[in-house]
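Inside the fold
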Amino acid sequence: MKLDILVLAAHPDDAELGCGGTIALHTSLGHKVGIIDFTRGELGTRGTPDTREEEAKQSADILGASVRENLQLKDGFFQNDPVSQLTVLKVIRQYQPRIILANAIYDRHIDHAKGASLAYDASFLSGLAKIETLDVHGRKQSPWRPDAVYHYVQSHFILPDFVVDISSHWETKMKAVKAFKSQFFNPASHEPETYISKPGFLKMLEARAVEYGHAIGATYGEGFTVRRFPGVSSLFDLK
Ligand SMILES: [Zn+2]
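Going along each chain's sequence as written, the residues are numbered from 1 onward. Note on the predicted model: pLDDT of at least 70 is required for a residue's local features to be given, and 80 or more for side-chain atom pairs to be given and counted; whole-chain, interface and lining totals, by contrast, use all residues. As a rule here, side-chain values come from all non-hydrogen atoms in the structure, and water together with hydrogens is ignored.

**Details of the side chain of D13**
Here is the rule we go by: Numbering of helices and strands runs from the N terminus; a helix is a DSSP stretch of H or I covering at least four residues, while a strand is a stretch of E covering at least two. Burial classes: relative accessible area under 20% of the type maximum marks a residue as buried, over 50% as exposed, and values in between as partly exposed (1.4 Å probe, protein chains only). Polar contacts, as used here, are pairs of N or O atoms within 3.5 Å; protein pairs need one atom able to donate a hydrogen and one able to accept it. Residues neighboring in sequence count only if both atoms are side-chain atoms.
Looking at the secondary structure, you find D13 in the loop between β1 (5–9) and α1 (14–28). Judged by relative accessible area, which is 4%, D13 ranks as buried. Of note is the side chain of D13, whose polar atom sits 3.3 Å from the side chain of R52.

Structural data, given as structure tokens:
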């Protein structure tokens, strides 16, 4: 199956928090979107890898994603090294996306910047014909270079290069975020409080989306950065 957009994320829930609205927007427009989580989030304080896997599945359904897979790299310790690059490159060649959405270029969690550079490097390497790879059926994969890699914003505020209007998909994004019941504020939970389970975290998420949205005359927005200049075919493509 060929995808239009492939979301690469260090942990299950990164995609929802960083670009859940953008995923919902594009699936509603009929584009095929897949989510690839690098790790199972096994070092997370709350929940277990199994509960997060179940939550990730439910959330992908809410967002209308066609595919969600987990590469089972090591949470906290995976590196942007040749082994990980080949693992990610094979997935990119398998799904041949035009656009990659990747982790924030820097952030509080050390895996996010690593995830960002791993996604970027694998996207580049994937286009090199002399790197030969086989798919799961043992067939030779063709090289594939996505048109663009865009990095979503996560915990630290980053001045975005462009903002996507997600006003009509905010509710869906929050439904997907809240599918990760083990991770976010839940008064009934007896698990230890974490950075993201404090009630203020979801308020911050909304405030951030309101701020980005306000900047483009929308109710809610998600911000992205790109390593090269973003281009438009017409000035009227800009909001
Ligand atoms: Zn994360």
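**Some points on the packing of helix α2 (residues 49–63) against helix α5 (residues 170–178)**
What describes two packed helices is the angle between their axes and the distance between those same axes. Put simply, the test is: Helix axes use the C-alpha atoms of the stretch in contact, all axes being lines fitted to C-alpha atoms, and the angles between their N-to-C directions lie in the range 0 to 180 degrees. Oblique is the label for any angle not under 35 degrees, not over 145, and not in the 65 to 115 range, which are roughly parallel, roughly antiparallel and roughly perpendicular in turn. Throughout, a residue-residue contact means that at least one pair of heavy atoms, one from each residue, lies within 4.5 Å. Note on residue categories: nonpolar means Ala, Val, Leu, Ile, Met, Phe, Trp, Tyr, Cys or Pro, charged means Asp, Glu, Lys or Arg, and polar means any other residue, Gly included.
Contact pair α2 / α5: the axes reach a minimum separation of 8 Å and the direction vectors enclose 170°. Classified by the angle their axes make, α2 and α5 are roughly antiparallel. Seen from α2, the contacting residues are S59, I62 and L63; seen from α5, they are T172, K175 and A176. In the contact of α2 with α5, the residues fall into three nonpolar, two polar and one charged.

**A look at the environment of R98**
Note on placement: R98 falls in the loop between α3 (82–95) and β4 (99–102). Looking at R98, the relative accessible area reads 54%, which means it is exposed. Between the C-alpha atoms of R98 and T87, which are 11 residues apart in sequence, the distance is 19 Å.

**Here's the deal with the packing of aromatic side chains**
The test is simple: Between rings of Phe, Tyr and Trp, where Trp is taken as its six-membered ring, a pair exists when centres lie within 6.5 Å; planes separated by under 30 degrees are stacked, by over 60 edge-to-face, and by other angles tilted. In this scheme, the term charge over a ring applies when either NZ of a lysine or CZ of an arginine sits within 6 Å of the ring centre and within 35 degrees of the ring normal.
With the rule as written, the count across this model stands at seven aromatic pairs. Measuring from centroid to centroid gives 4.3 Å for W170 and Y220, while their planes differ by 10°, and the two rings are stacked. One end of the pair, W170, is in helix α5; the other, Y220, is in the loop between α6 (199–215) and β7 (221–226), with 50 residues separating them in the sequence. Judged by relative accessible area, Y220 falls into the buried class, the value being 13%. Ring pairs connect the aromatic residues Y150, F162 and F224, which therefore count as one cluster. Over the aromatic face of F78 sits the side chain of K114, whose NZ or CZ is 4.9 Å from the ring centroid. Positioned above the aromatic ring of Y120 is the side chain of R227, whose terminal nitrogen or guanidinium carbon lies 3.6 Å from the ring centre.

**As for the coordination of the zinc ion**
Each donor-metal-donor angle would ideally measure 109.5 degrees in four-coordinate tetrahedral geometry, or 90 or 180 degrees in six-coordinate octahedral geometry. Under the convention used in this document: Any nitrogen, oxygen or sulfur atom within 2.8 Å of a metal ion counts as a donor, with the limit raised to 3.2 Å for Na, K and Ca, and since water is left out, coordination shells can look unfinished. In this scheme the shape depends on donor count and angles: four donors with every angle between 85 and 135 degrees give tetrahedral, four or six donors with opposite pairs above 155 degrees and others between 65 and 115 give square planar or octahedral in turn, and any other case is irregular.
Those protein atoms acting as donors to the zinc ion are H11 (ND1), D14 (OD), D14 (OD) and H112 (NE2), and they sit at 2.0 to 2.8 Å. Viewed at the metal, the four donor atoms of the zinc ion are separated by angles of 51 to 117°, and the geometry they form is irregular. For the zinc ion, the donor residues sit on a single chain with the sequence spacing H-x2-D-x97-H. Of the two residues, H11 sits in the loop between β1 and α1 while H112 sits in helix α4 (residues 110–125), which places them 101 residues apart along the sequence. Grouping residues by exposure puts H11 and H112 together as buried.

**Considering α1**
For the record, the criterion: In a helix, the anticipated span is given by 1.5 Å times the number of residues less one. Two axes enter the definition of the bend at a residue: one is fitted to the seven residues ending there, the other to the seven starting there, and the bend is the angle between them.
In a regular helix each residue adds 1.5 Å, so 15 residues correspond to 21 Å; α1 covers 20 Å between its end C-alpha atoms and thus fits that length. Along α1, the helix axis deviates most sharply at G20, where the bend reaches about 75°. Taken from the residues just after α1, G30 is the one with a positive phi, measuring 95°.

**A look at a nonpolar patch on the surface**
Inclusion rule: Patch construction takes residues with relative accessible area above 30% that form no salt bridge. Like charges are linked within 9 Å, and nonpolar side chains (Val, Leu, Ile, Met, Phe, Trp, Tyr) are linked within 5 Å. Computed with a 1.4 Å probe, the accessible areas rest on the Shrake-Rupley method; for each residue, only the protein chains presented here act as cover. The rule for a salt bridge is simple: a side-chain nitrogen of Lys or Arg has to be within 4 Å of a carboxyl oxygen of Asp or Glu.
The grouping of V232, L235, F236 and L238 at the surface amounts to a nonpolar patch, some 510 Å² of accessible area in total. Tracing the backbone through its elements, the reader meets V232 in the segment after β7.

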